Amino acid sequence: MATIDAQDLKQRIGRFRVLIMGRANAGKTTILQKVCNTTDQPEIYDTNGNKIDADIVKSSIKRGNHDITNEMIFKSNPIFVFHDSCGFEAGSEDEFENMKKFISERGHATELQERIHAI
Ligand SMILES: Nc1nc2c(ncn2[C@@H]2O[C@H](COP(=O)(O)OP(=O)(O)OP(=O)(O)O)[C@@H](O)[C@H]2O)c(=O)[nH]1
Ligand SMILES: [Mg+2]
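Source: prediction; values computed, not measured. (Residues numbered from 1 in each chain as written. Chains lettered and ligands numbered in written order. Predicted model: local features only at pLDDT ≥ 70, side-chain atom pairs only at ≥ 80, totals over all residues. Heavy atoms only, no water.)

With that out of the way, let us pick up the packing of aromatic side chains. Per the counting criterion, the structure on display carries three aromatic pairs. Residues Phe16 and Phe80 carry aromatic rings whose centres are separated by 5.9 Å and whose planes lie at 85° to one another, so their mutual orientation is edge-to-face. Taken as a pair, Phe16 in strand E1 (residues 16-21) and Phe80 in strand E5 (residues 80-85) lie far apart in primary sequence, 64 residues in all. A centroid spacing of 6.0 Å and a plane angle of 70° characterise the contact between Phe74 and Phe82, whose relative ring orientation is edge-to-face. Exposure class is identical for Phe74 and Phe82. Each is buried. Site record: aromatic cluster; members linked through ring pairs are Phe16, Phe74, Phe80 and Phe82. (Phe/Tyr/Trp six-rings, centres within 6.5 Å; stacked < 30°, edge-to-face > 60°. Helix = DSSP H or I, 4+ residues; strand = E, 2+ residues; numbered from the N terminus. Buried < 20%, exposed > 50% of the residue type's maximum accessible area, 1.4 Å probe, protein only.)

The next thing to look at is helix H2 (residues 28-35). Looking only at H2, the buried set comprises Lys28, Leu32 and Gln33. For H2, the angular spread of buried residues about the axis comes to 135°, placing them on one side. Pointing more than 90 degrees away from the buried face of H2 are the exposed residues Ile31 and Lys34. Lining the buried residues of H2 we find E1, strand E4 (71-73) and E5. Asn37, located one to two residues past H2, shows a positive phi value of around 55°. (Arc of directions from axis to C-beta. Contact = heavy atoms within 4.5 Å.)

The next point concerns the site of ligand 1. All residues in the neighbourhood of ligand 1 are listed as Arg23, Ala24, Asn25, Ala26, Gly27, Lys28, Thr29 and Thr30. Measuring from an oxygen atom of ligand 1, one finds a backbone N or O atom of Asn25 at 3.1 Å. Protein coverage of the free-state accessible area of ligand 1, which is 650 Å², stands at 42%. Its residues assigned to classes, the shell around ligand 1 shows two nonpolar, four polar and two charged. (Near = heavy atom within 4 Å. Polar contact = N/O pair within 3.5 Å; in protein donor to acceptor, adjacent residues only side chain to side chain. Areas by Shrake-Rupley, 256 points an atom, 1.4 Å probe, with all protein chains shown as cover. Nonpolar A, V, L, I, M, F, W, Y, C, P; charged D, E, K, R; others polar.)

This part takes up the side chain of His83. Within the secondary structure, His83 sits in strand E5. In this structure the side chain of His83 is engaged in a polar contact, spanning 2.8 Å, whose partner is the side chain of Arg17. Discounting residues that sit within four places of it in the chain, His83 has contacts with Arg17, Val18, Leu19, Ile20, Ile68, Thr69, Asn70, Glu71, Phe102 and Arg106.

Below, the discussion takes up the nonpolar core. Of all hydrophobic cores here, the largest spans eight residues; its members are Val18, Ile20, Leu32, Cys36, Ile44, Met72, Phe74 and Phe82. Aside from chain neighbours lying at most four places away, what touches Phe82 is Val18, Leu32, Val35, Cys36, Asn70, Glu71, Met72 and Phe74. (Core = buried A, V, L, I, M, F, W, Y, C linked by side-chain atoms within 4.5 Å.)

Attention now moves to the pattern of salt bridges. Tallied over the entire structure, the rule returns seven salt bridges. Ionic pairing is found between Glu71 and Arg15, a salt bridge with its closest N-O pair at 3.4 Å. Here Glu71 is found in strand E4, whereas its partner Arg15 is found in the loop between helix H1 (6-13) and E1, with 56 residues between them in sequence. Under the relative-accessibility criterion, Glu71 is labelled buried at 8%. A relative accessible area of 23% means that Arg15 is categorised as partly exposed. (Salt bridge = Lys/Arg side-chain N within 4 Å of Asp/Glu carboxyl O.)

None of the figures reported here should be taken as evidence of function without further support.
Encoded structure:
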């Protein structure tokens, strides 16, 4: 069996992109903090790389406008890029459709950097 050197893979991929899904308050952010070995809150960026005020995101989650395309990054470990999907349990069809669209687009993205590597 061929082995892939983790360092080579890291070089090729550049950023390892992960989608995390789970109901509100499930412990998603906590798991991501553990993965990145940090207790920091993540920084959030839109698809154009513009930083988003975390308070704005929080209030928009409450309004149900959470954007799956936003990127969450922990400063201590910027190789991991996280996408947070939440809100299906509230019965939001839109959230669910957005998630499916996101996965089908990013699962096949030709740019390795854009592609989702794990869910
Ligand atoms: N007992 C216990 N509590 C946990 C565990 N993981 C997280 N928590 C707690 O559960 C609460 C929610 O954790 P978060 O990581 O913020 O959950 P989340 O899924 O990101 O929440 P939202 O972003 O609001 O949907 C926090 O108070 C955590 O400290 C766990 O494994 N066991
Ligand atoms: Mg969270």
